[in-house]
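Below, each chain spelled out in residue letters.
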Amino acid sequence: MPSAELRGSGLGLRRAMCRPLRERIEGGETPPFDFLEVAPENWIGAGGRLAQQLRWFTERYPLVCHGLSLSIGSLDPLDEAFVREVAEFLKTHNVALYSEHLSYCSDHGHMYDLMPLPFTRETVRRVSERISRVQDILGQRLVVENVSAYLEPGKEMSEPEFICEVLAAADCDLLLDVNNVYVNSVNHGYDPIEYLRAMPTGRIRYMHLAGHYTESENLLIDTHGSDVSSPVWELLEQAYRIHGVRPTLLERDFNIPPLDDLFDELSQLRRVQSSVGEVREFS
């Protein structure tokens, strides 16, 4: 089984990719990624062929998990039974890192969307307590991701200030999503470079890269359904120059193109990493 060490470039593994990707690898091709990421909700409880399909990949590549339904910012009670299911999944598959969105997606039931949190100190207190409880159950640090948002309800501080306060209060780590930084900078009119500079370097475990949809000049929608845009590639390079080159994962959830196209983007990611410097390693 691969080491939990994480490095280089990663790919978000979707079920539709599994068969063609395995065929390419079994045919002798070395794909341009070093680790894979899955949503644990899509695989917990899977048996038979699906379980074997995932195991084939986890025996060959380090795996990280990026959750969808922890709802860390919700007012509802924390679903501790679900957290224990995640903990067992992480153990079974030797998962290097578990990340979740700094948002909420439940309110007396699952909302199937990621809703923005109020940037307030009361929210910092409440969310950090929930993160601490999750970490106690998991027996490992939680990694939280900055999210794209189209509203900023109840804002008492900036988004970077809010994120930094949560990270410090909960003593957790950060998944820095560069596309989300860019999307929010356009939607809310702030400087993405200043945002990046405000992030605490020592807490960044890895990064995300994805595409978005341009609704209008002042409105971008985070879709994970298109190629990474030129401004986001440029912002990624700046993120590396500010914080050092970190393991970075390409997300593609919709309009999934042929593997050759995904491999082209992953190769571009590797070129950006190489142009800036050595990839840092985390274990």
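Remember, predicted model here, so these are calculated numbers, not experimental data.

With that settled, the discussion passes to the environment of E29. Tracing the chain through its elements places E29 in the loop between α1 (15-26) and β2 (35-38). E29 has contacts with R24 and F263, leaving out every residue within four places of it along the chain. A distance of 2.5 Å separates a polar atom in the side chain of E29 from a polar atom in the side chain of R24.

As for its placement among the helices and strands, S103 is situated in the loop between β4 (98-101) and β5 (104-106). Taking relative accessible area as the criterion, S103 reaches 2% and is therefore assigned buried. When near neighbours in sequence (up to four residues on either side) are disregarded, S103 contacts S71, I72, G73, L114, M115, L117 and V147.

Another aspect to go through is helix α9 (residues 259-276). Spanning 18 residues, α9 covers 26 Å between terminal C-alpha atoms, matching the ideal 26 Å at 1.5 Å per step. When we look at burial in α9, the residues that qualify are L259, L262, F263, E265, L266, L269, V272 and Q273. Where α9 is buried, its residues touch β1 (9-12), α1, β9 (204-209), α8 (230-243) and β12 (248-250). At the C-terminal side of α9, G277 shows a positive phi close to 160°.

This part covers the packing of α8 against α9. Running from N to C, α8 and α9 point in directions that differ by 35°, and their axes come no closer than 10 Å. The two elements α8 and α9 cross, and the hand of that crossing is right-handed. The residues of α9 that touch α8, namely those facing W233, L236, E237, Y240 and R241, are E265, Q268, L269, V272, Q273, S275 and V276. Residues belonging to the contact of α8 with α9 are distributed by class as follows: six nonpolar, three polar and three charged.

Let's shift gears to the sheet that holds β12. The sheet built from eight strands closes into a barrel, its strands ordered β1-β2-β3-β4-β7-β8-β9-β12 with parallel pairing. Geometrically, the sheet is characterised by an average inter-axis angle of 30° between neighbouring strands, direction not taken into account. Here strand β8 (residues 173-177) pairs with β9 via four bridges, running parallel. Counted as the bridge partner of D177 is H208 from β9.

Conventions we followed
Residues numbered from 1 in each chain as written. Predicted model: local features only at pLDDT ≥ 70, side-chain atom pairs only at ≥ 80, totals over all residues. Heavy atoms only, no water. Helix = DSSP H or I, 4+ residues; strand = E, 2+ residues; numbered from the N terminus. Contact = heavy atoms within 4.5 Å. Polar contact = N/O pair within 3.5 Å; in protein donor to acceptor, adjacent residues only side chain to side chain. Buried < 20%, exposed > 50% of the residue type's maximum accessible area, 1.4 Å probe, protein only. Expected span 1.5 Å × (residues − 1). Axes fitted to C-alpha atoms, helices over the stretch in contact; angles between N-to-C directions. Left-handed = near helix turned anticlockwise from the far one by under 90°. Nonpolar A, V, L, I, M, F, W, Y, C, P; charged D, E, K, R; others polar. Pairing = 2+ DSSP bridges.

Geometric descriptors of this kind do not, in isolation, establish any biological role.
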